[in-house]
Structures are given as structure tokens and as C-alpha cells.
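Working through the structure, step by step
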Amino acid sequence: MSIKKPIWQQPWGYAESFIISFGILSIGYGLEWMLPKTPSTLIFPINLILGSCFFILLILSHFLFRKTKTHAFLSSIPLTISLVSVLSILVIIMGILPQIPSPQNGLVQKLGLNQMTGSYPFLMINLLLLIVLGLVSLKKTFPFKLKNWGFVCSHWGLWIVIFAGGLGSGDLRRLKMDVFENKMEWRSYDDQNRFYEMPLAIKLKDFKIDEFNPKLAVVENESGELYEAQKPSMIMIEKGLACDLQSWKVEIEEFYVNSGRAGDRYYKLSDFGAAPAAKVQVVSSQNDTLRGWISCGSFNRPHESLKLDDNFSLVMTVPEPKRFSSDVTFITPDGKKRDEVLEVNKPVSVNGWKIYQLSYDDKMGRYSDKSILEVVRDPWQPYVYLGIFMMMIGAIYMFWKGREKINTDVS
Amino acid sequence: MIWSNFILVLLTSSLLWLFALLLYKKEFLKRLFIILGTACIGAFIAFLWVKLERPPLRTLGETRLWYAFFLPAIGMITYLRWRFNWMLFYSLGLSLLFLGINYMHPENFSKTLMPALQSPWFVPHVVVYIFAYAFLAASSLVAVRGLYQHYYKTLDKKVMLMADNLVYLGFAFLSLGLLFGALWAKEAWGHYWTWDPKETWALITWLGYLIYIHRRYHMPTVFKSSLWILALAFVILLVCWFGVNYLPSAQFSVHTYSQAP
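Calculation notes
- Residues numbered from 1 in each chain as written.
- Chains lettered and ligands numbered in written order.
- Predicted model: local features only at pLDDT ≥ 70, side-chain atom pairs only at ≥ 80, totals over all residues.
- Heavy atoms only, no water.
- Contact = heavy atoms within 4.5 Å.
- Salt bridge = Lys/Arg side-chain N within 4 Å of Asp/Glu carboxyl O.
- Polar contact = N/O pair within 3.5 Å; in protein donor to acceptor, adjacent residues only side chain to side chain.
- Helix = DSSP H or I, 4+ residues; strand = E, 2+ residues; numbered from the N terminus.
- Buried < 20%, exposed > 50% of the residue type's maximum accessible area, 1.4 Å probe, protein only.
- Core = buried A, V, L, I, M, F, W, Y, C linked by side-chain atoms within 4.5 Å.
- Phe/Tyr/Trp six-rings, centres within 6.5 Å; stacked < 30°, edge-to-face > 60°.
- Axes fitted to C-alpha atoms, helices over the stretch in contact; angles between N-to-C directions.
- Parallel < 35°, antiparallel > 145°, perpendicular 65-115°, else oblique.
- Left-handed = near helix turned anticlockwise from the far one by under 90°.
- Nonpolar A, V, L, I, M, F, W, Y, C, P; charged D, E, K, R; others polar.
- Domains from an automatic or database assignment.
- Pairing = 2+ DSSP bridges.

With 61 residues of chain B in contact, the opposing surface of chain A contributes 65 residues. One can count 2 salt bridges joining chain B with chain A. Across the salt bridge formed by Asp378(A) and Lys186(B), the nearest N and O atoms sit 2.9 Å from each other. The tally of links between chain B and chain A comes to 13 residue pairs in polar contact (both at pLDDT 80 or more). If you list the elements that add at least two residues to the side of chain B that touches chain A, you get helix H6 (157-189) and helix H7 (197-218) of chain B. With 20 residues, the single largest contributor to the side of chain B that touches chain A is H6(B).

So this is what it looks like as C-alpha cells:
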């Protein structure tokens with residue numbers, strides 16, 4: 001075993017690393033407490049200039065000071081571990097406290113704990129990590145040894161992800177667009193409902209929704225809450241379905257996805273606002289048989305339930321969407337037109353913007369003529385992807401290689 | 001109904017594994033029974049997949065099922081490599097525990113799958129995670145074993161090497177899960193990282209194991225602190241998996257699919 005060395009004597013180890021890390025954290029909180037909160041982010045070209053300066057300085061300092069004790073400390077594992085520990089503490093706080101702006105002005109708000117990613121301590125720890133990670137990666141890259149390729153990939157990959165992701169966050173634009181059927185739209189809006197003009201126009205030709213069939217459920221009459229004494233508490237309706245729901249036997253005698261009520265029954269109907277309906281036969285545990293119609297209704301038709309007894313009713317739930325998509329035409333300033341289908345998980349790129357299907361008017365359900373799109377511009381994305389792919393290669397290397405045989409017999 | 005089949009699976013697997021435990025000296029029979037018991041769970045997952053017409057990966061109960069399948073598989077692989085009987089039976093016990101939880105807390109088996117989850121990324125993202133969790137759970141078992149040995153006996157160096165290997169495998173999968181998630185999120189929602197509570201906790205888990213790996217790399221001959229880090233990292237992993245839904249931050253999460261109507 002080694003003899004304990006006094007603190008602050010070179011080479012620095014864990015004690016010094018943790019003191020320095022927590023020291024920087026304290027300074028960060030001091031700044032957060034005193035300085036005014038300005039929600040400013042770096043945008044092009046300042047982020048690019050600052051980023052390049054940082055990178056050049058990092059490389060220069062690596063080659064100029066590579067033999068010094070400071071360099072050895074800055075690229076050491078104890079400092080890495082202490083910084084990652086401090087970062088973990090910050091991220092744990094972030095994982096517990098909701099990260100939303102708040103009008104209150106308590107300790108949480110003063111220390112920026114509810115807006116962690118923009119707070120000084122978080123940024124300072126990340127900056128230091130970026131320096132440490134950069135120096136470590138440089139050390140392993142020059143001189144390059146082939147056996148280190150997995151290490152180089154994973155560490156540089158992470159460095160690029162943090163660097164490009166952090167610097168690029170100011171240039172990221174995420175806006176929304178509401179487009180209506182047969183109308184042209186070229187304005188987008190942000191979280192604060194500020195409008196922007198887009199370098200492209202979108203015309204919605206058709207908005208389509210496929211839905212799952214609605215489900216059967218039993219609710220309490222008084223509270224209207226779902227009754228869940230037994231599972232399953234909800235069963236999807238299908239033609240000819242016969243099932244046990246709680247203590248009742250339910251049979252579907254007729255089922256229409258689109259229907260409307262006329263007189264004492266529902267008929268198949270493909271009207272605007274036509275709703276699903278089913279004729280059910282219910283047998284209770286006392287062998288009483290009930291028959292009736294249930295419907296979940298739509299934005300312009302009432303829903304209908306079947307009263308089972310004084311306490312419970314049988315209802316049909318509102319159907320959940322299976323797939324929704326927008327048939328659109330993009331028109332760019334150069335006069336070009338392009339027809340595309342936008343669907344969840346299938347974005348389309350136009351003129352440097354990526355367009356995503358986000359939502360629709362959920363009150364109108366499948367009769368919605370409004371489609372809500374998200375438009376995103378992220379010029380730094382290719383660099384972040386490069387980092388992500390390098391990290392993936394690193395992970396696969398790690399999986400393949402496993403823990404290298406280490407000499408544990410030193411002691 | 002789906003549930004009457006599940007109790008059959010639970011009973012069959014428990015019985016087969018009980019036989020394996022009783023016959024643990026008969027190498028061939030032990031392996032056969034364990035593999036058959038695991039295959040039973042696998043068959044049930046396949047059955048569920050067909051019945052639900054979607055990958056059964058949406059709810060907590062469904063992921064527990066996968067976990068109950070991968071744990072014995074990993075236990076078996078580790079056994080073939082390291083020949084630890086205790087590790088093998090621990091993983092079987094843990095797997096039964098998860099099956100038991102599923103039996104005690106039945107869920108609605110619902111066919112619905114929201115459009116956001118209908119993506120080719122869905123299956124790899126979740127399966128890779130469950131694989132990672134299973135490896136890391138196994139590594140934490142090793143850590144507990146190691147700590148016990150450290151305090152009451154002498155620590156077997158082989159135990160430490162096994163813990164390292166399991167963490168390396170688990171960490172590789174965990175990283176891939178995070179990165180797949182990031183790529184998928186970019187394709188589906190326009191940004192790779194939105195600090196959703198589940199993401200945040202997954203990052204904490206990743207950082208925890210990152211600390212362990214670096215500590216082991218730096219101090220390969222010091223065991224106690226590393227073992228404690230490993231045991232603690234698993235607590236965080238459990239928070240990430242089960243606990244997130246109960247934290248104040250969870251109300252803003254996009255990852256709480258289990259409470260779907």
C-alpha cells in the first residue's frame with residue numbers, strides 16, 4: 001500500500017480533485033445567485049468563433065504543456081471521476097425537480113435549480129469536463145496507437161456530442177405551424193406564440209386519421225370513474241365479440257364504426273361527425289339480461305351509455321388514433337412545388353427545415369381539418385450525428401472486447 | 001384469455017427451475033431444465049406479440065416479462081463462461097420475482113399503440129435497454145456477493161473480473177440504448193435530447209456506471225470502493241426504471257406510456 005501523501009502535494013489525487021470540483025460548483029452557485037438571469041444563448045456566428053477559439057486553445061495548450069504537472073492533473077482519472085460525480089448530483093436534482101420556469105422567487109429559483117441546463121454551475125462543470133475530456137482524447141490520439149482506436153472513438157465521440165450539441169443549441173429552431181385543409185400557410189410560431197415567416201409555404205390537401213376500435217369499460221355512476229376491480233378493465237370492441245368484463249358477460253350484437261341514431265336504434269352512416277356505436281347484450285351475475293346501444297359520440301353527437309345497475313354503467317371509450325398523416329404541398333420561394341405525405345416518425349426535409357407531423361385538433365378527432373406541424377432547423381445536427389456514431393462504434397468495441405485482462409496481482 | 005396462459009407459464013417455469021435446483025449436480029439436466037423454463041417465457045412473449053398485433057414493449061409489465069426472459073439467458077451465458085452456480089440461481093430467482101410481480105399486478109393487455117411508438121426504432125431501443133438492465137442487475141448481484149466476501153471472507157479476484165465484464169457488456173448496451181433513443185427522438189420529435197425525466201435518469205445511470213468503469217481502470221487493485229459504487233449505481237438504475245413515474249418531475253414525461261387510457 002502507498003503511504004498517504006499530504007494534501008496539495010503533487011501529484012494531485014482524489015482529495016484535490018473533489019475539492020476543486022466542489023469549489024467550482026460553489027463559485028458557479030455564487031455567480032448564479034448574484035448575476036441577473038439573462039436567458040441568452042450563443043447564436044451564429046459567435047458560437048462558431050468562440051468554439052473554434054476554444055478548440056484551438058485546447059490543442060495549443062495540450063502540445064505546449066503536455067509535460068507539465070497541471071496537464072497531467074487535468075487529464076487524470078481522479079479529476080474525471082470527481083467532475084462526473086458533481087455532474088451526477090446536478091443531474092439528479094434535475095431529475096427530481098420539475099424543470100419549468102416559475103414565477104416564485106425562492107431558493108430553488110435563485111439557484112437556478114428549476115432551469116438547470118442554463119445555470120452557471122451546470123455550464124461551468126460541463127466546460128471543465130469538456131477540457132478534461134479533450135485533453136484525455138488528445139493524449140491518446142497523439143501519438144496514435146492502433147490498439148487505442150476504441151478509446152479514441154468513444155472519447156472523441158462524446159466530446160463532439162457535448163461540444164456540437166452545446167454550441168448548436170442556440171441555433172436550433174423548433175417552431176410550430178397550424179395548417180388547415182385547402183389553405184396555404186407560411187407562418188410559424190414559438191412557445192411564446194410569437195409568429196415568424198418561413199422560407200416556405202405549406203398547403204394542406206388532406207388530413208387523415210386511422211383509429212383503433214373503441215373499447216368497452218365499466219364506470220361508476222356517481223363519480224364517472226373507471227371501475228377496475230379486475231383486469232382487464234377495458235376490452236377492444238370487435239364485431240361478434242363475447243367477453244367477461246368485471247362481473248358481467250358482454251356480447252356485441254352489432255357494431256358500426258360510423259353511425260348515427262335514428263329513432264330507437266343506430267344506423268350505419270358516413271356523415272360528418274358520424275360516431276361509432278354498438279348494440280350490446282349484457283348478462284349480470286344474477287342472470288339478468290340487458291340489451292341496449294352504446295356510443296362514444298363525436299364532437300357533434302352525444303355519447304350514450306348503458307346503465308347496468310344503480311352503481312355502474314357500461315360505456316364506450318373514445319377511440320385512440322392509430323395513424324395520422326397530412327397530404328401537403330410545399331412551395332419554396334423559387335416557385336418549386338413538392339407533394340409529400342407527413343406522418344409521425346416520418347419527417348420530410350425542405351429548404352434546410354425538417355417538417356414533422358405533430359398533432360391535430362383532438363376535440364374534432366378524426367374530423368379534424370387542422371394539422372399541427374413542427375418545423376425544425378438544426379444546422380449543427382450532422383456534427384452531433386458524427387459524435388453519436390463514433391460513440392456507437394466505441395460501445396460496440398467495448399461490447400466486443402470486454403474488460404481487458406488486468407494485472408491484479410500488483411499487491 | 002391471455003392471463004390464464006400466463007399462470008401456466010409461471011408454474012411451468014417455476015417447476016422446471018425447481019427441478020434444476022434439485023438436480024444441480026447433474027450438469028446436463030440442470031442446463032436442459034433452465035433452458036426449457038426460459039424458452040417457456042420466450043414463447044409467451046411471442047404469443048403476446050402475435051395476440052396484441054404489436055411488440056409487447058409498451059407497459060412496465062411487458063418490459064418485466066422481457067427482463068424475466070433475458071435474466072436467465074444472461075445467467076446461463078455467465079455460467080457457461082464462469083461456472084458460478086450461485087449466479088445462475090440468483091438470476092433465476094430474480095426472474096421468478098418479476099414474473100410474480102406481473103401475476104400479482106395484472107395489466108390491461110391492450111392492442112393500442114400510439115403513433116409515436118410505431119417506429120422501426122421502437123424494438124431495438126427498448127430491447128437493448130432491457131438487455132443492459134439485465135446485465136447490470138447481474139453485475140450488482142456480483143457486487144453484493146463481493147461485498148459480502150470482502151467483509152466476512154477473502155475476496156475472490158475472479159468475482160471482481162466477472163463484475164467488470166458484466167458492467168462492460170451492460171454499459172455498452174446502455175450506451176447504445178441512449179444513442180438509439182437520441183436518433184429516434186430526432187426523427188420523431190425534432191430533437192435528440194429534451195431532458196425528459198426518463199432521459200435525465202437514464203443519463204444519471206450512465207454516469208454512475210461511467211464512474212465505476214473509470215475507478216476500476218484507475219485502481220484495479222482496490223475493490224471495496226468500486227463494489228460500493230456498483231451497488232449504488234444499481235439503486236439509481238431502479239429509480240430510472242420504476243421510480244421515475246413517482247417523482248414530481250414525471251408529470252412532464254413523454255415516457256409514461258403505462259397510464260394510457
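In this section: the side chain of Ser325(A). All names here are of chain A. In this structure, Ser 325 sits in strand E13 (residues 321-331). For Ser 325, a relative accessible area of 10% translates into the label buried. When residues no more than four places from it in sequence are discounted, the contact partners of Ser 325 are Asp 206, Phe 207, Lys 208, Val 341, Leu 342, Glu 343 and Gln 357.

Turning our eyes to something else, we now look at the nonpolar core. Membership of the largest hydrophobic core comes to 140 residues, with the highest contact counts inside it found for Trp159(A), Tyr67(B), Trp206(B) and Tyr209(B). With 20 residues, H6(B) is the single largest residue contributor to this core. What Trp206(B) contacts, discounting residues up to four positions off in sequence, is Leu158(A), Met391(A), Phe171(B), Leu174(B), Ser175(B) and Leu178(B). Ranked by size, the runner-up nonpolar core spans 22 residues in total, among them Leu204(A), Phe324(A), Leu342(A) and Val344(A).

Residues and elements named next belong to chain B. Considering all chains together, one arrives at 43 aromatic pairs over all chains under this definition. Relative to Phe 180, the ring of Trp 121 lies with its centre 5.6 Å away and its plane at 55°, an arrangement referred to as tilted. Highlighted residues: Trp 121 in the loop between helix H4 (85-104) and helix H5 (122-152) and Phe 180 in helix H6, separated in sequence by 59 residues. Judged by its relative accessible area of 17%, Phe 180 falls in the buried class. Their ring planes at 45° and their centres at 6.1 Å tell us that Trp 184 and Trp 189 sit as a pair that is tilted.

Further remarks concern the packing of helix H2 (residues 46-65) of chain A against helix H6 (residues 120-141) of chain A. Between two packed helices, both the angle of their axes relative to each other and the distance between the axes serve to describe the pair. Residues and elements named next belong to chain A. Viewed as axis vectors pointing N to C, H2 and H6 meet at an angle of 50°, and their least axial separation amounts to 10 Å. Considering the angle they form, H2 stands oblique to H6. You can see that H2 and H6 cross each other, and the crossing is right-handed. Counted together, Phe 54, Leu 58, Ile 59 and His 62 of H2 and Leu 127, Leu 130, Ile 131, Gly 134, Leu 135, Leu 138 and Lys 139 of H6 form the full contact between these two elements. In terms of residue class, the contact of H2 with H6 is built from 8 nonpolar, 2 polar and 1 charged.

All right, on to the domain arrangement of chain A then. If you check the domain split of chain A, you get domain 1 (14-142), domain 2 (173-210 + 322-377) and domain 3 (213-319). Between the C-alpha centres of domain 1 of chain A and domain 2 of chain A the distance comes to 38 Å.

Residues and elements named next belong to chain B. Remark: helix H3 (residues 60-82) packs on H5, axes separated minimally by 9 Å, with the N-to-C direction vectors making an angle of 50°. Overall, the two elements H3 and H5 adopt an arrangement that is oblique. Here the hand of the crossing between H3 and H5 comes out right-handed. Residue-level inspection shows Thr 63, Trp 66, Tyr 67, Phe 70, Leu 71 and Ile 74 of H3 in contact with H5, the latter providing Val 126, Val 127, Ile 130, Phe 131, Tyr 133, Ala 134, Phe 135, Ala 137 and Ala 138.

This part takes up the sheet that holds strand E12 (residues 312-316) of chain A. Residue and element names in this part refer to chain A. Ordered by their spatial adjacency, 4 strands build an open sheet running E5-E4-E12-E11, and the pairing between neighbours is antiparallel. Edge positions in the sheet fall to strand E5 (234-236) and strand E11 (306-307), since each of these pairs with one other strand and no more. One ladder, built from 2 bridges, connects E11 with E12; its direction is antiparallel. Each residue of the ladder has a partner; that of Leu 306, found in E12, is Leu 314.

The next thing to look at is unusual backbone geometry. Residue and element names in this part refer to chain A. The step from Gln 10 to Pro 11 runs through a cis peptide bond, and the omega angle for that step is -5°. Looking at the element boundaries, Pro 11 is found in the segment before helix H1 (14-34). Cis peptide bonds are those with omega within 30 degrees of zero, and the linkage from Phe 44 to Pro 45 qualifies with 5°. Along the chain, Pro 45 turns up in the loop between H1 and H2. Despite not being glycine, Asn 287 has its phi angle at roughly 70°, a positive value. With respect to the helices and strands, the residue Asn 287 is situated in the loop between strand E9 (275-283) and strand E10 (289-295). Residue Asn 287 is classed as exposed on the basis of its relative accessible area, which comes to 62%.

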